[in-house]
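# Secondary and tertiary structure notes
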Amino acid sequence: MAISGLRLLLFLLLRSFTSLPVQAAARGGSNSSGTDEKYGSFLRSLLEDMPRITEELTHGYMSNLELEIAARSIGSRCPNISRLYSIGKSVNGFALLVIEISDKPGQKEAEPAFKFIGNVHGDEPVGREVLINLANWLCDNYLKDPLATNIVENMHLHILPTMNPDGFALRRRGNANNVDLNRDFPDQFFPINDEINYRQPETRAIMKWVKQEHFTASASLHGGALVANYPWDGSRDQSKQYYGSPDDKTFRYMASVYSQSHYNMSLSKEFKGGITNGAFWYPIYGGMQDWNYIHGGCFELTLEISDAKWPKAAELPVIWEHNRMSMLNLAASLVKTGVHGRIYASDTGHPIPGLLMIKGIDSEVSLFRQH
């Protein structure tokens, strides 16, 4: 009787597992159907590794140590407009280092804050290289180039070149615990990641960082396609459909800024205008993009910036040039567009926190005290 009961339980578990919807291995998965049967929509732990990256393919990419040295060198060369700080550590103890670019780094100002995050998936390392190039370019061109000067003087730009240094070192998608970090965030539709004890240290670091810095907007850089992806990433009924957020027009505008500034993203034959709604492409759950918008008031895009997940290092200079103006224009759009202002207390004249609601948009923008 006990054995029969156990068999029935196993059968029911297997049946419920196989009934879960499937999704592509990454935003920018390599197959055109948008699905990969190895990954369930609700699975954070990867069932098996992707094919290993060859040593030849990794040649020319910075190691984690070299990446840290490159980040620190920017601080040494441009100490007046940069700051290096850590938001935490990976499972294996690598520091998650952020480069802040501003004319007043480390200070709280009534200016928008933008963040770029690279290498969310360990086997998509293009963002690491491109973001170091971006920081170096701003360092070298401040007071020489008007766009660089505008960004440095009118906003705070935070650059995290790698969110997943362990996955990069292991040449695989997941982190050291083989968890997909872009499926590890709390989800609005399903309580799949509500148990904090299972949340990865890299995920916890991002969540704490977002709550502390109050970013206006952000973007994570991925590889495997050429498109600017915007919320929502999932739909309530788990179906593949256009599922827009309350700020859908703003997100479409941001995605279009990136796509139209890119060398050829907007010419895509697969994605009209080089942009896509996440749920319309293929729904995922537990993603970083939607969590940022819901819980951080941060307008985040997921940017697929190279057709190959791990292109040859010889292609990196071209990929950087193709994406340089896109990254600069996306960040600068926070300064050039939107409503800017402060809320003051009528009795003291001091800035105070508050909520801003726009008629016709069912969402709130939190305004925080600037010290």
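Everything below is about the structure shown above.
Residues numbered from 1 in each chain as written. Predicted model: local features only at pLDDT ≥ 70, side-chain atom pairs only at ≥ 80, totals over all residues. Heavy atoms only, no water.

A word on the overall build of the protein. When its secondary structure is counted, the protein shows 11 helices and 12 strands. Across the 371 residues of the protein, 53% fall into the buried class. Considering only contacts in the protein between residues 6 or more positions apart, those separated by 24 or more positions represent 73%. For the protein, the exposed surface amounts to about 17,400 Å²; the carbon and sulfur share of it is 55%. (Helix = DSSP H or I, 4+ residues; strand = E, 2+ residues; numbered from the N terminus. Buried < 20%, exposed > 50% of the residue type's maximum accessible area, 1.4 Å probe, protein only. Contact = heavy atoms within 4.5 Å. Areas by Shrake-Rupley, 256 points an atom, 1.4 Å probe, with all protein chains shown as cover.)

What follows covers the packing of aromatic side chains. The tally for this structure, following the rule as stated, stands at 16 aromatic pairs. Seen from their ring centres, Phe-190 and Tyr-285 are 5.1 Å apart, and the 85° between their planes marks the pair as edge-to-face. Remark: Tyr-285 occurs in the loop between helix H9 (278-281) and helix H10 (288-296) and Phe-190 occurs in the loop between helix H6 (165-170) and helix H7 (201-213); sequence separation between them is 95 residues. Across the pair, Tyr-285 and Phe-190 agree in class, each one buried. Consider the rings of Tyr-242 and Phe-280, whose centres lie 6.5 Å apart with planes at 50°: the pair is tilted. On the criterion of sequence distance, the pair formed by Tyr-242 in the loop between strand E8 (225-230) and helix H8 (248-261) and Phe-280 in helix H9 is long-range, its members being 38 residues apart. Judged by relative accessible area, Tyr-242 falls into the partly exposed class, the value being 37%. Site record: aromatic cluster; members linked through ring pairs are Phe-189, Phe-190, Tyr-243 and Tyr-285. The ring centre of Phe-215 lies 5.6 Å from the NZ or CZ of Lys-115, which sits over that ring. (Phe/Tyr/Trp six-rings, centres within 6.5 Å; stacked < 30°, edge-to-face > 60°. Lys NZ or Arg CZ within 6 Å of the ring centre and 35° of its normal.)

As a further point, take empty space enclosed by the protein. A full pass over the atoms with the stated rule returns two cavities of 30 Å³ or more. Computed from the structure, the largest cavity encloses a volume of approximately 140 Å³. Asn-64, Leu-67, Glu-68, Ala-71, Phe-94, Ala-95, Leu-97, Ile-99, Leu-160, Pro-161, Thr-162 and Pro-165 are the residues that line the largest cavity. Of all the secondary-structure elements, those providing two or more residues to the lining of the largest cavity are helix H3 (64-77) and strand E4 (95-101). When residues of the lining of the largest cavity are assigned to their parent elements, the largest contribution, four residues, is made by H3. The residue makeup of the lining of the largest cavity, split by class, is nine nonpolar, two polar and one charged. A volume near 50 Å³ is recorded for the second largest cavity. Every residue along the wall of the second largest cavity is listed here: Pro-186, Asp-187, Gln-188, Asp-233, Gly-286, Gly-287, Asp-290, Trp-291 and Ile-294. For the lining of the second largest cavity, the residue count by class is three nonpolar, three polar and three charged. (1 Å grid on protein atoms, 1.4 Å probe; cavity = no way out; pocket = protein on both sides within 12 Å on 5 of 7 lines; lining within 4 Å. Points joined across faces, edges and corners; volume = space filled by probe spheres on them. Nonpolar A, V, L, I, M, F, W, Y, C, P; charged D, E, K, R; others polar.)

Attention shifts here to the side chain of Thr-276. Structurally, Thr-276 is set in strand E9 (residues 275-277). The exposure class assigned to Thr-276 is buried, which follows from its relative accessible area of 5%. Look past the residues within four positions of Thr-276 in its chain and what remains in contact with it is Val-227, Ala-228, Asn-229, Tyr-230, Phe-271 and Trp-281.

Another point: the sheet that holds strand E6 (residues 156-160). Within a beta sheet, neighbouring strands are joined by backbone hydrogen bonds and run either parallel or antiparallel to one another. Strand order in the open sheet formed by eight strands is E3-E4-E6-E5-E7-E10-E8-E9, with mixed pairing between adjacent strands. Since the sheet does not close on itself, it has two edges, and those belong to strand E3 (82-89) and E9, each with one partner. Taking each pair of neighbouring strands and ignoring which way they run, the sheet shows an average axis angle of 25°. Judged from the three bridges that link them, E4 and E6 form a sheet pairing that is antiparallel. If you follow Ile-99 over to E6, its bridge partner there is Ile-159. Along the sheet, H7 makes contact with E3, E4, strand E5 (113-118) and E6, crossing E3 at roughly 135°. (Pairing = 2+ DSSP bridges. Axes fitted to C-alpha atoms, helices over the stretch in contact; angles between N-to-C directions.)

Attention shifts here to the state of the cysteines. A covalent bond bridging the sulfur atoms of two cysteines is what the word disulfide describes. Inspection of the entire model under this criterion finds one disulfide. Note that Cys-78 is cross-linked by a disulfide to Cys-139, the S-S spacing being 1.6 Å. Because the torsion about its S-S bond is 70°, the bridge between Cys-78 and Cys-139 counts as right-handed. Taken together, the positions of Cys-78 in the loop between H3 and E3 and Cys-139 in helix H4 (residues 126-141) put the pair 61 residues apart, joining distant regions of the chain. By the burial criterion, Cys-78 is buried, and Cys-139 matches it. (Disulfide = S-S within 2.5 Å.)

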